[in-house]
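A look at the structure
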Amino acid sequence: MLALAWLFNWWYQPEPITAEAQKETESTIESNKIVIYSKTFCPFCKTTKQVFDELEQDYLVVNLNTLEDGLSIQNYLYEKTGQYMVPNVFINGKHIGGNSEIQALKTEGKLEELLK
């Protein structure tokens, strides 16, 4: 099993995080009230967007799988937040988490407070 892990690590090289992707990501997060890093095929992303639609909130969606540097951005988000999966949600510049966290905040009635 150890040999298999070594082989995978040797074969797979993650997309490097470019300075441009890092700068673009930080600028996007800082200049938008709600940012959802998403992928077009992700059902959890769709559910998260529906929550904000129900609350009549504008948000920016960044579909990582449609961007040339999407993997670099996703790797930077992992480095920044410890979360690799999408959706990856930021509100007022603060990392909130993914769909599970958004659903929990909505259920607890705390999401509206974050949106003020």
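Residues numbered from 1 in each chain as written. Predicted model: local features only at pLDDT ≥ 70, side-chain atom pairs only at ≥ 80, totals over all residues. Heavy atoms only, no water.

1. A look at the environment of Asn 99
- Positionally, Asn 99 belongs in helix H5 (residues 99-108).
- Between the C-alpha atoms of Asn 99 and Thr 48, which are 51 residues apart in sequence, the distance is 5.5 Å.
- Once you skip the residues sitting within four places of it in the chain, Asn 99 turns out to touch Phe 44, Thr 47, Thr 48 and Pro 87.
- Separated by 2.8 Å, the side chains of Asn 99 and Thr 48 make a polar contact. (Helix = DSSP H or I, 4+ residues; strand = E, 2+ residues; numbered from the N terminus. Contact = heavy atoms within 4.5 Å. Polar contact = N/O pair within 3.5 Å; in protein donor to acceptor, adjacent residues only side chain to side chain.)

2. Here we look at the pattern of salt bridges
- Inspection of the entire model under this criterion finds 4 salt bridges.
- A salt bridge links Glu 108 to Lys 110; the nearest nitrogen and oxygen atoms lie 3.6 Å apart.
- For Lys 110, a relative accessible area of 46% gives the class partly exposed. (Salt bridge = Lys/Arg side-chain N within 4 Å of Asp/Glu carboxyl O. Buried < 20%, exposed > 50% of the residue type's maximum accessible area, 1.4 Å probe, protein only.)

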